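One-letter residues, chain by chain:
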Amino acid sequence: MDYVETFSNQLAFRLAESHRLVSELYTKCLKPLGLRPVQAYALGILKDRKLCTPSEIANVLGISRPSVSNLLNRMERDKLVNRVPDKSNKKQIWIFATPEGLELVEEAYALMGDVDKQLEAQLEINLSELKSKLFLLGEFQE
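The shown structure was predicted, so the numbers you read here are calculated from the model rather than taken from an experiment.

A. Summary view of the nonpolar core. Grouped together as the largest cluster of nonpolar side chains are 28 residues, with contacts concentrated most on Leu30, Leu35, Leu43, Leu46, Ile57, Met75 and Val81. Those elements that provide at least two residues to this core are helix H2 (11-30), helix H3 (37-49), helix H4 (54-61), helix H5 (65-77), strand S2 (93-97) and helix H6 (99-123). Looking at this core, the element that brings in the most residues is H6, giving six residues.

If you want it as structure tokens, here you go:
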């Protein structure tokens, strides 16, 4: 058995490699905005919800609490988000996007959408159908 050939043809490996390549495309298209994809995703969450806790952002993005703290530190440094303490619970912090962050989110999502359209045309597949089928994988978890 050729183990390298076997694992490199398994779905998990192919999906991971595809994720890496698409992330690189998103990173490249967002570079002129000074954003990384995860920052654009976080701004999208804040655009939809207005205020979020760091834990809520971590849960939606599927990343750890320490990772989201580092992400928010960088975003705050870059004046994309602000943190405010909850008035009734001083341990609770709320995150909201700054006007600069909200302005960038629109452009970032348009650029990532363009990448998706280019991929769809280049690969000659229906990305909406692929995305919905991949979403169904969650139903197989025990």
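B. Local environment of the packing of H3 against H6. Taken N-terminus to C-terminus, the directions of H3 and H6 make an angle of 120 degrees; their axes are 9 Å apart at the nearest point. Our classification of the angle between H3 and H6 gives oblique. Note on packing geometry: the crossing formed by H3 with H6 is left-handed. Residue-level inspection shows Ala40, Tyr41, Leu43, Gly44 and Lys47 of H3 in contact with H6, the latter providing Gly101, Leu102, Val105, Glu106, Ala108, Tyr109 and Met112. Of the residues contributing to the contact of H3 with H6, the split by class is eight nonpolar, two polar and two charged.

C. Summary view of the environment of Leu51. In this structure, Leu51 sits in the loop between H3 and H4. Here the alpha-carbon distance between Leu51 and Glu17, two residues 34 residues apart in the chain, equals 34 Å. Setting aside its immediate chain neighbours within four residues, Leu51 contacts Glu56, Trp94, Ile95 and Phe96.

D. Structural context of H6. Counted at 1.5 Å a residue, the expected span for H6 with its 25 residues is 36 Å, and the 37 Å between its end C-alpha atoms agrees. Those residues of H6 that fall on the buried side of the exposure criterion are Gly101, Leu104, Val105, Ala108, Met112, Val115, Asp116 and Leu119. Count one or two residues on from H6 and you reach Glu124, which has phi positive near 55 degrees.

E. Structural detail: the packing of H3 against H4. It is the contact of H3 with H4, at a shortest axis distance of 11 Å, that shows an interaxial angle of 120 degrees. Here H4 runs oblique to H3, going by the angle between their axes. Relative to H4, H3 is oriented so that their crossing is right-handed. The residues of H4 that touch H3, namely those facing Val38, Tyr41, Ala42, Ile45, Leu46 and Arg49, are Glu56, Ile57, Val60 and Leu61. When its residues are assigned to classes, the contact of H3 with H4 shows eight nonpolar, no polar and two charged.

F. Focus on unusual backbone geometry. Positive phi, close to 70 degrees, is recorded for Lys50, a residue that is not glycine. Residue position: Lys50 is located in the loop between H3 and H4. Classification of Lys50 as exposed rests on a relative accessible area of 57%.

The rules behind these values
- Residues numbered from 1 in each chain as written.
- Predicted model: local features only at pLDDT ≥ 70, side-chain atom pairs only at ≥ 80, totals over all residues.
- Heavy atoms only, no water.
- Core = buried A, V, L, I, M, F, W, Y, C linked by side-chain atoms within 4.5 Å.
- Buried < 20%, exposed > 50% of the residue type's maximum accessible area, 1.4 Å probe, protein only.
- Helix = DSSP H or I, 4+ residues; strand = E, 2+ residues; numbered from the N terminus.
- Axes fitted to C-alpha atoms, helices over the stretch in contact; angles between N-to-C directions.
- Parallel < 35°, antiparallel > 145°, perpendicular 65-115°, else oblique.
- Left-handed = near helix turned anticlockwise from the far one by under 90°.
- Contact = heavy atoms within 4.5 Å.
- Nonpolar A, V, L, I, M, F, W, Y, C, P; charged D, E, K, R; others polar.
- Expected span 1.5 Å × (residues − 1).

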